[in-house]
Amino acid sequence: MFTPSSDDVRRFFCEAYRKQRSGDILSPMDAIAADWIVQHPEYADVLSDAEAALARDYSVEGGQANPFLHLSMHLSIAEQVSIDQPPGIRAACNALTQRLGAHDAHHEIMECLGQMIWTSQRNGVPPDSVAYVECVRARCA
């Protein structure tokens, strides 16, 4: 199983952005990342300088959102929806997308995903995928 470091993740997104901008051939994963990067032009400066991206600290205390975490969550949600894992996430995402559009739906799902991860870590228990999907469904109403 591949477990990338935060530097690996940052390099991946910076490289996907570089390839997309220069017209290089994108791997399937690069293409998915590039699609989300295009929807976040506010990250262009960060993604265009890989060395600075590696050196930057995105601590909670700094008060700035971590663009690499944000983009990684987009990728995670896209993968979850593509394989419907956890079961029901695809239908919940589709319903939310009908209501809000794909990008805003992903941002709503991120809130639920973050809540599930936080609760799991806080309580020292496995992630509750049923509660996660229910959280997404509740946002459809």
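For the structure itself, look to the data block above.
Residues numbered from 1 in each chain as written. Predicted model: local features only at pLDDT ≥ 70, side-chain atom pairs only at ≥ 80, totals over all residues. Heavy atoms only, no water.

## Description of the side chain of His 70
Stated precisely, the cut-off is as follows: Every helix listed is a DSSP run of H or I at least four residues long, and every strand listed is a run of E at least two residues long, numbered separately from the N terminus. In protein, a polar contact requires one atom able to donate a hydrogen and another able to accept it; more generally it is a pair of N or O atoms within 3.5 Å, and residues adjacent in sequence count only if both atoms are side-chain atoms. Throughout, a residue-residue contact means that at least one pair of heavy atoms, one from each residue, lies within 4.5 Å.
The residue His 70 is located in helix α5 (residues 67-83) in this model. Side-chain polar atoms of His 70 contact the side chain of His 107, separated by 3.0 Å. Residues within four places of His 70 in sequence aside, it is in contact with His 40, Tyr 43, His 107 and Met 110.

## A few points about the packing of helix α1 (residues 6-22) against helix α2 (residues 28-38)
The line we're drawing: Helix axes are fitted to C-alpha atoms over the stretch in contact, other axes to C-alpha atoms as well, and angles between N-to-C directions run from 0 to 180 degrees. To sort the angles, those under 35 degrees are grouped as roughly parallel, those over 145 as roughly antiparallel, those from 65 to 115 as roughly perpendicular, and the leftovers as oblique.
Where α1 contacts α2, the two axes come as close as 9 Å, and the packing angle between them is 85 degrees. In terms of orientation, α1 lies roughly perpendicular with respect to α2. On the side of α1, the interface is formed by Phe 12, Phe 13, Ala 16, Tyr 17, Lys 19 and Gln 20, while α2 contributes Met 29, Asp 30, Ala 33, Ala 34, Ile 37 and Val 38.

## Quick word on the environment of Trp 36
Note that Trp 36 resides in helix α2. When the C-alpha positions of Trp 36 and Leu 26 are compared, they lie 14 Å apart, and in sequence the two are 10 residues distant. When sequence neighbours within four positions are dropped, the list of residues in contact with Trp 36 reads Leu 71, His 74, Leu 75, Ala 78, Ala 102, His 103 and His 106.

## A few points about helix α6 (residues 89-100)
Condition: Expected helix span is given by 1.5 Å per residue-to-residue step, counting one fewer step than there are residues. Only protein chains enter the accessibility calculation, which uses a 1.4 Å probe; a residue whose area is less than 20% of its type maximum is buried, one above 50% is exposed, and one in between is partly exposed. This arc corresponds to the set of directions leading from the helix axis out to the C-beta atoms.
With 12 residues, α6 should cover 16 Å at 1.5 Å per step; its first-to-last C-alpha distance of 16 Å lies within 8% of that length. Buried within α6 are the following residues: Ile 89, Ala 92, Cys 93 and Leu 96. The arc enclosing the buried residues of α6, seen along the axis, measures out at 95 degrees, which places them on a common side. For α6, the exposed residues lying more than 90 degrees away from the buried face are Ala 91 and Gln 98. Those residues of α6 hidden inside the fold are in contact with α5, α7 (102-123) and α8 (129-138). One or two positions beyond α6, positive phi appears at Gly 101, with a value near 95 degrees.

## Some words on the packing of aromatic side chains
The test is simple: Planes of paired rings set the category: under 30 degrees apart is stacked, over 60 is edge-to-face and the rest tilted, where pairs are Phe, Tyr or Trp rings (Trp by its six-membered ring) whose centres lie within 6.5 Å.
Under the definition given, this model contains two aromatic pairs. Between the aromatic rings of Phe 12 and Phe 13, the centroid separation amounts to 5.0 Å while the plane-to-plane angle is 65 degrees, which identifies the pairing as edge-to-face. According to the relative accessible area criterion, Phe 12 is partly exposed, its value standing at 24%. Between Tyr 58 and Phe 68 the ring centres are 6.2 Å apart and the planes differ by 65 degrees, which places this aromatic pair in the edge-to-face class. Here Tyr 58 is found in the loop between α4 (50-55) and α5, whereas its partner Phe 68 is found in helix α5, with 10 residues between them in sequence. Considered together, Tyr 58 and Phe 68 belong to a single accessibility category, that of buried residues.

## Thoughts on the side chain of Asp 30
In this fold, Asp 30 is placed in helix α2. Assessed through its relative accessible area of 5%, Asp 30 is described here as buried. Apart from the residues lying within four places of it in its own chain, the contact partners of Asp 30 are Phe 12, Ala 16 and Lys 19.

Keep in mind that these numbers describe shape and distance, not what the molecule does.
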